[in-house]
Amino acid sequence: MNIPTKNFTIDHKSKLPLHVQVEELFRKLIKIEPFSKGALLPKEVDLANLWSVSRNTIRQATNKLEHEGLIVRKKGIGTRVAEKKSLVTGLDHWYSFTREMQEKGIEVINLLLKTEIETPGETVCNFFNVTPDKKLFKLSKLKGENSDEPIVYFESYFHPRIGISKEDDFNIPLYTMLQERYGVVVHQSRENISASNAGTVIGKKLKVPASFPILKRERFVYDINGKPVEYNIGYYRSDKFTYSIDITKSSEI
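Caption draft 1: Representation of the packing of helix α2 (residues 44-51) against helix α3 (residues 55-67) in the model. In the contact formed by α2 and α3, the axes pass within 8 Å of each other and the chain directions differ by 115°. Taken together, the axes of α2 and α3 are roughly perpendicular relative to one another. Like other packed secondary-structure pairs, α2 and α3 cross with a definite hand, here right-handed. Residues Glu44, Val45, Leu47, Ala48 and Trp51 of α2 form the contact with α3, whose own contacting residues are Arg55, Ile58, Arg59 and Thr62. Here the residues of the contact of α2 with α3 sort into five nonpolar, one polar and three charged.

Caption draft 2: Here's a closer look at the nonpolar core. In terms of nonpolar packing, the biggest core is built from 20 residues, with Phe128, Leu206, Ile214, Tyr231 and Tyr235 touching the most fellow members. Mapped by element, the contributors of at least two residues to this core are α5 (122-128), β5 (136-144), β6 (150-158), α7 (199-206), β8 (213-223) and β9 (228-237). Setting aside anything within four residues of it in sequence, one finds leucine 206 in contact with Leu142, Pro150, Ile151, Val152, Tyr153, Ile214, Tyr235, Tyr236 and Arg237. Among the nonpolar cores identified, the runner-up in size contains 18 residues, and Ile10, Phe26, Leu29 and Trp51 belong to it.

Caption draft 3: View of the packing of aromatic side chains. Considering all chains together, one arrives at nine aromatic pairs under this definition. Look at phenylalanine 127 and phenylalanine 220: their rings are 5.1 Å apart centre to centre, the planes differ by 80°, and that puts the pair in the edge-to-face class. Placement of phenylalanine 127 in helix α5 and of phenylalanine 220 in strand β8 is noted, with a sequence separation of 93 residues between them. Owing to a relative accessible area of 5%, phenylalanine 220 belongs among the buried residues under this scheme. Residues tyrosine 153 and tyrosine 235 carry aromatic rings whose centres are separated by 6.4 Å and whose planes lie at 20° to one another, so their mutual orientation is stacked. Of this pair, tyrosine 153 sits in strand β6 while tyrosine 235 sits in strand β9; the two residues are 82 residues apart in sequence, bridging distant segments of the chain. Each of the two residues, tyrosine 153 as well as tyrosine 235, counts as buried.

Calculation notes
Residues numbered from 1 in each chain as written. Predicted model: local features only at pLDDT ≥ 70, side-chain atom pairs only at ≥ 80, totals over all residues. Heavy atoms only, no water. Axes fitted to C-alpha atoms, helices over the stretch in contact; angles between N-to-C directions. Helix = DSSP H or I, 4+ residues; strand = E, 2+ residues; numbered from the N terminus. Parallel < 35°, antiparallel > 145°, perpendicular 65-115°, else oblique. Left-handed = near helix turned anticlockwise from the far one by under 90°. Contact = heavy atoms within 4.5 Å. Nonpolar A, V, L, I, M, F, W, Y, C, P; charged D, E, K, R; others polar. Core = buried A, V, L, I, M, F, W, Y, C linked by side-chain atoms within 4.5 Å. Buried < 20%, exposed > 50% of the residue type's maximum accessible area, 1.4 Å probe, protein only. Phe/Tyr/Trp six-rings, centres within 6.5 Å; stacked < 30°, edge-to-face > 60°.

See below:
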């Protein structure tokens, strides 16, 4: 068994129950190679002998990890670390990323939140029909499941008629804030989706190499009156995010 002995031992004199200690050891074990890369975990009987606990104690701990989706067991094969599933979004779910993830039971946090006033590029100016020298409010967000796992980096520009400022609360879902504070109800979006390399700047934010493949998504958001509200560009890590498209066949022949 390729299990390190340092920090992987059971304290039989501890008041902490054995199954809890075993569970903690498993949680550390599945994060190290070769197990984190898909290698089979040691057999229950071997771990029971190594840690001087019963097989029932081992099973109690693994049952919990399996229930949490951290490990998978296949009869006749063994137990291994479960593959981390990508976050999935659909083209019919173009609203707030935070709100969508909440509906999936996934809590994401802002790893970076920055507001500034700057002159945007030609694409944004054309969308908002403003002059090239017009300064607009810009919101940048880096989101992830925890501090070590960034998922996506967003940059948003807003039409100047809305009046967004840095005093607004950008920790709540964006479109909720726009509706409650400014009476702006987003209704429609047009999207351009492409694949590219992360590049140096985006790669550094997403903690991937410059050559790493990412999903780039441009979003043009309109209100219920068809007026432009937001230009948003998102850079998604391809190993952590999937865009899904549901297509229904037309009834016409």
